[in-house]
Amino acid sequence: MGPDGHRALADQGATKGATSPGRYVGVGMGMQFCGVWGCDAECVGVHWSGSLTSVLPSPQEPSLDPKPILELPLETLVQKLQDEELSVESVLCSYLEEALKVHQEVNCLTDFLGECEEQLQALKKLKKTERGLLYGVPVSLKDPYDCKGHDSTCGLTQFLEKPAAKDGVIVQVLKAQGAIPFVKTNIPQTMYSFYCSNPIYGQTLNPLNLKKTPGGSSGGEGALLAKGGSILGMGTDTAGSIRIPASFCGICGLRTTGYRLSFSGVSSAVKGKKSVTTVAGPMARDVESLALCLRALLSEDMHRLDPTVPFMPFREEVYSSNQRLRIGFCETDGFTQPSPSMARAVRLTSRLLQDAGHQVIPFSIPHIKYAVKHLLEGGLFADGGATLLEKLEGDIVDPCIKGMINWLCLPDLLKCFLAWILKYTEPRASQTSEEIRGVGTPKKLWEQHAAVQEYQQKFIAKWRSLDLDVLLMPAIDPAFHICYSEIGTDIASYTGLYNILNFPAGVVPVTTVTPQDEEELAFYTGYYGDSTDKNFQRVVQGSVGLPVAVQCIALPWEEELCLRFMKEVETLAKNHSGPK
């Protein structure tokens, strides 16, 4: 958070649409408004920390119409900036104004990066030959990305007033490529949630339906991008934290292979996890934007700044290939019954891919219950939740994680008793109660790590036995009702699996929820008929018209192939005019 960040205290609601704004209005954004939130940036009644009046339009100058700029896809915007058909000032100003409007509606921002004006002036002095791939592109960053002089809070008060000493590696590479980081976006407290709420900044809403969540933990990014307040963003993903918000908000997102991108300078509530890989990844409104971002990030700068990241430039020949794909098709993971819209989206996409000449081969997930309960939950809570609880000491616990925290706080003997008593009525909850006790000893931790490696090799062996290029699976959707804390990690089976496997995985919107989907949802029972199944049915109700995505997966280090598959799905879905 910037030095002026905590000056504006909240006495009442910070936004028109969002609720429970938390302790601060515009915390870290150093902005005040001329009387009302509805005032737009054009009147220069918005006073940002720093001197952004030279970037925002002044009353004496003709008003800038941002609409034509905001409608441009990233690829076109980049070209116009390079060719100087658009000025860097006009683009940044357009997105600053739009981001503020979106924030007023859904409460998605946590910080304004006032140094973007200084960076803009430096960019203008560059020769054309010195401009990077993202020259002049405004980029939004999820809260935990370190920016010099700003907090990376993870929604935790322990991390407040502890500004980063320097930019993280990804932020440095983005700036070297000409991008202009301009805002940071909201997250759930601890970033261990499907929702997007914390006691500092409050709750972010889904701009497509204000009764729904944008997802977690990169929910602020999802909301801002979906509503057009940013054109490119960076998220992080532990068990679907990029893919779930992208799916809920109708945008695209990519979970990269661990260590393909640097994670140095990205804050976290829980560091040291090895079996569940947390990664960085881009989020945008289309697949081509994700590819352009990855081209820029996979530069020599990434490896130079973080030698632990291998130097693997973007393989254009893989992304641009027209070769027919051999695609594994999986309508369900066998653990969480997909909602009607999830299953229909995968069937539709499979049919479109077959009609386009690709081979689609049925695929089933091996040992899914073992993977989700023992490897995913066991990996996330290997320390029994001790690190998470330590970070929450003295803090207000947000409602969106209260159920999880209450469970972690139970005495070990009570967890054992619950595991026993729930064994036959709630078998998944019973195993959760066992797994959240932690592994206990270093020997057990190493055994857990070895079990993950063994499962990964078995999964890859099955993949290769079918000679697959990529895998098509449901994403998690539609968007959940706000802050239904009874939803547990079981629902993350579709996304968290690939953090265990450390496979690149992306989501692409392909359809929307239909009235028929909603009718069929009434008959949803789930595979276990337990509280998790019943709660999932409840949280996805009332979603007609909301986006539904599919998940595209490739083997480790094959981001270019994953993006190529995503692009194919996106193109086919957009061109499809028949019944969806």
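See the structure printed just above.
Residues numbered from 1 in each chain as written. Predicted model: local features only at pLDDT ≥ 70, side-chain atom pairs only at ≥ 80, totals over all residues. Heavy atoms only, no water.

What follows concerns the packing of helix α8 (residues 287-297) against helix α21 (residues 559-575). Closest axis-to-axis distance for the α8/α21 pair is 9 Å, and the angle between their directions is 160 degrees. When the axis of α8 is compared with that of α21, the two are roughly antiparallel. Every pair of crossing elements has a handedness; the one defined by α8 and α21 is left-handed. Residues V287, E288, L290, A291 and L294 of α8 form the contact with α21, whose own contacting residues are E559, L563, M566, K567 and E570. (Axes fitted to C-alpha atoms, helices over the stretch in contact; angles between N-to-C directions. Helix = DSSP H or I, 4+ residues; strand = E, 2+ residues; numbered from the N terminus. Parallel < 35°, antiparallel > 145°, perpendicular 65-115°, else oblique. Left-handed = near helix turned anticlockwise from the far one by under 90°. Contact = heavy atoms within 4.5 Å.)

This part covers empty space enclosed by the protein. A complete count under the given rule lists six cavities of 30 Å³ or more for this structure. Of the volumes computed, that of the largest cavity is approximately 110 Å³. Its residues placed into classes, the lining of the largest cavity shows five nonpolar, eight polar and two charged. (1 Å grid on protein atoms, 1.4 Å probe; cavity = no way out; pocket = protein on both sides within 12 Å on 5 of 7 lines; lining within 4 Å. Points joined across faces, edges and corners; volume = space filled by probe spheres on them. Nonpolar A, V, L, I, M, F, W, Y, C, P; charged D, E, K, R; others polar.)

Of all the five residues making up strand β2 (residues 138-142), five are buried; the element is thus mostly covered by neighbouring parts of the structure. By the bridge criterion, five bridges tie β2 to strand β3 (residues 180-185) in an arrangement that is parallel. Opposite S140, over in β3, you have V183 as the bridge partner. Pairing of β2 with strand β6 (residues 232-237) involves two bridges; the strand directions are parallel. Counterpart to L141 in the pairing with β6 is M234. (Buried < 20%, exposed > 50% of the residue type's maximum accessible area, 1.4 Å probe, protein only. Pairing = 2+ DSSP bridges.)

Contact geometry of helix α11 (residues 340-355) with α21 gives a least axis separation of 10 Å together with a crossing angle of 95 degrees. The pairing of α11 with α21 is recorded here as roughly perpendicular in orientation. Contacts between α11 and α21 involve T349, L352 and L353 from the first element and F565, E568, V569, L572 and A573 from the second.

Looking now at a nonpolar patch on the surface. Taken together, the side chains of L414, F417, W420 and I421 define a hydrophobic patch exposed on the protein surface, amounting to about 430 Å² of accessible area. Structurally, F417 can be placed in helix α15 (residues 412-421). (Patch = residues over 30% accessible without salt bridge, like charges linked within 9 Å, V, L, I, M, F, W, Y side chains within 5 Å. Areas by Shrake-Rupley, 256 points an atom, 1.4 Å probe, with all protein chains shown as cover. Salt bridge = Lys/Arg side-chain N within 4 Å of Asp/Glu carboxyl O.)

Scanning the entire structure with this criterion turns up 29 salt bridges. Its salt-bridge partner being D490, residue K373 comes within 2.8 Å of it at the nearest N-O pair. Taken together, the residues K373 in helix α12 (residues 368-380) and D490 in the loop between β11 (470-474) and α18 (493-501) connect sequence positions 117 residues apart. Under the relative-accessibility criterion, K373 is labelled buried at 0%. Taking the relative accessible area as the measure of exposure, D490 reaches 4% and is therefore buried. Beyond isolated ion pairs, a larger network of salt bridges with shared partners links K373, E377, R428, D490, D530 and D533.

Attention now goes to α8. With respect to burial, α8 is a largely interior element, ten of its eleven residues being buried. Capping the start of α8, D286 holds a side-chain oxygen 3.3 Å from the backbone nitrogen of E288, two or three residues further along. (Polar contact = N/O pair within 3.5 Å; in protein donor to acceptor, adjacent residues only side chain to side chain.)

These results come straight from atomic positions and should not be treated as a statement about function.
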